[in-house]
Amino acid sequence: MKHIDEEKINRLIQLPQCSRSEFDAIIEKSKNLQRLTTEESAKLLAVKDKELIDIIYSTAKYVKDTIYGKRVVLFVPLYINNICVNECQYCSFCKNNKVTIRKKLTIDEIKEQTRILLERGHKRILMLSSESANEDDDIEYFVKAIEAIYSVSVGKNKVKRINVNLAPLSVENFKKLKKAGIGTYQIFQETYHEETYRKLHGKGPKSDPDNRLDAIDRAFKAGIDDIGIGPLYGLYDYKFETLAMFEHIAYLEKEFGLGPHVVSVPRLEPAYGSEISQSKKYAFTDDEFKQMVAVIRLSVPYTGIIISTRETAEMRNELLNLGVSQISAESRVSPGGYERLDDHNAVKDVQFKLNDQRSIEEVIADLVAYGYMPSFCAACYRRERTGKVFMSIAKPGNIKSKCDINALVTFKEYLEDFAAPEVKKHGYKLIEEKLAQMPETDKNVVLKFFEDIDKGIRDEYV
Ligand code: SAM
């Protein structure tokens, strides 16, 4: 596979635990918010001593809090189509999967799903779709879907930003996505191990691993400068995947002067009609998973880390302390799934099983209980703080102040418009605590916006 030197990675995953002085030097680099090399990251992945793992954890927490503060951005996925031309053996949307109930949402159905989500308090949507045989038909549908989502309002609330997780497109079609107003373009490589990739992806456009890698290059060339990547953990060795992702990032940095805005760490979950998705061959322990997430935080300190509802509530809460900066809430991974209030996993139109089915309110209550500020902010996209501009603010540690202000403002909007009395009470207590810790100038900006919210004004940001 392009940009991935498998021999180098295979050598790095065999490394024994490094000496204490080497370990300390890497941790020192991380505390200075410096990006780690793939080799340094491999050394942290190889650590086995509990005491040293605890140091990796506390450093990951320090790095996350220093760059992004205590805010956690919330989003919700919106699946619009599960009729797919590809043959990904781990996915229930696989073309040959006979058990999956298929659906492509109409534009009116997409508006209805958006309305349901807005009524629950969501503001940031990740739009996902399967792939058809005709890219031009797909892009036309995607652009109409994006316009439809942005057109819906519930009271004073509208969707602030749509990010997308979609199959590779041409530069020309990526330009259409950008014009439609997307934030981040996300695409998972699934596996960076070429042989495994070719084995798991039968016929169809997805069968070429290099075309998938190149999608990021084409998105950059089309002017989409916030991109999201990640492997699907569980298809191959987790250390290989993580180090290969770091090599992919190093390539992007060298070629475009910019790495990903976010990385995701999805783990394989059981999918109806897919034997491979039930396989434990490349499963790894929760402790290994936590260490890996913390190492990603240290390796790419300026990149957001996303954790989805594939993980349990307990694991998601734990990962907040290890560098995760964005989480989804009350997800349904099926087109039209938000109309149902039954058990998500029971209906055979879902892509895979979910382990966290808490409502957005329960997720928010937990964040508040752990001292994290829920945020619905999308200000950076709207102020054109994307790509290199974003990084030039984030690297000297200056994005945190904007994150803090926008988190408080968007959270107060949520509390006023959607929260039940108990959540509101605890939410305001957290806001008071955060305000007390803020520099005076930032606090004044927040208080001015708060006055506006009390007057009924919505959606102000810095
Ligand atoms: N058509 C788009 C593409 O080609 O990337 C969207 C893919 S899908 C809607 C989003 C992601 O779900 C996939 O990229 C894959 O990583 C993940 N996924 C598929 N099957 C899964 C499973 N059994 N467990 C967990 N995640 C899965």
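Our structure is the block above this text.
What you see is a predicted model; the values in this text were computed from it and never measured.

Caption draft 1: Expanded view of the nonpolar core. Formed by 136 residues in total, the largest nonpolar core has its most connected members in Met-127, Leu-177, Tyr-185, Met-292 and Ile-296. Among the elements that take part in this core, helix α10 (residues 238-256) stands out by supplying 10 residues, more than any other. Dropping the residues within four chain positions of it, Met-292 is found in contact with Leu-45, Tyr-233, Tyr-238, Thr-242, Val-265 and Phe-284.

Caption draft 2: Structural view of the site of the ligand. Lining the immediate surroundings of the ligand are 22 residues, of which Tyr-90, Ser-129, Glu-190, Arg-212 and Glu-269 lie closest. In this structure, a nitrogen atom belonging to the ligand sits 3.1 Å away from a side-chain N or O atom of Arg-310. Within the side chain of Gln-351, a nitrogen or oxygen atom sits 3.3 Å from an oxygen atom of the ligand. Here the ligand is seated within the largest cavity. Classifying every residue of the shell around the ligand by side-chain character gives 11 nonpolar, 5 polar and 6 charged.

Caption draft 3: Spotlight on the packing of helix α16 (residues 399-417) against helix α18 (residues 440-454). Interhelical geometry of α16 versus α18 gives an angle of 20° and a closest axis separation of 10 Å. Taken as axis vectors, α16 and α18 run roughly parallel relative to one another. Of the two possible hands of crossing, α16 and α18 adopt the one that is right-handed. Contacts between α16 and α18 pair Ser-401, Ile-405, Leu-408, Val-409, Lys-412, Glu-413 and Glu-416 from the former with Asp-442, Val-445, Val-446, Phe-449, Phe-450, Ile-453 and Asp-454 from the latter.

So, how was this worked out
- Residues numbered from 1 in each chain as written.
- Predicted model: local features only at pLDDT ≥ 70, side-chain atom pairs only at ≥ 80, totals over all residues.
- Heavy atoms only, no water.
- Core = buried A, V, L, I, M, F, W, Y, C linked by side-chain atoms within 4.5 Å.
- Buried < 20%, exposed > 50% of the residue type's maximum accessible area, 1.4 Å probe, protein only.
- Helix = DSSP H or I, 4+ residues; strand = E, 2+ residues; numbered from the N terminus.
- Contact = heavy atoms within 4.5 Å.
- Near = heavy atom within 4 Å.
- Polar contact = N/O pair within 3.5 Å; in protein donor to acceptor, adjacent residues only side chain to side chain.
- 1 Å grid on protein atoms, 1.4 Å probe; cavity = no way out; pocket = protein on both sides within 12 Å on 5 of 7 lines; lining within 4 Å.
- Sits in = over half its atoms within 2 Å of the grid points.
- Nonpolar A, V, L, I, M, F, W, Y, C, P; charged D, E, K, R; others polar.
- Axes fitted to C-alpha atoms, helices over the stretch in contact; angles between N-to-C directions.
- Parallel < 35°, antiparallel > 145°, perpendicular 65-115°, else oblique.
- Left-handed = near helix turned anticlockwise from the far one by under 90°.

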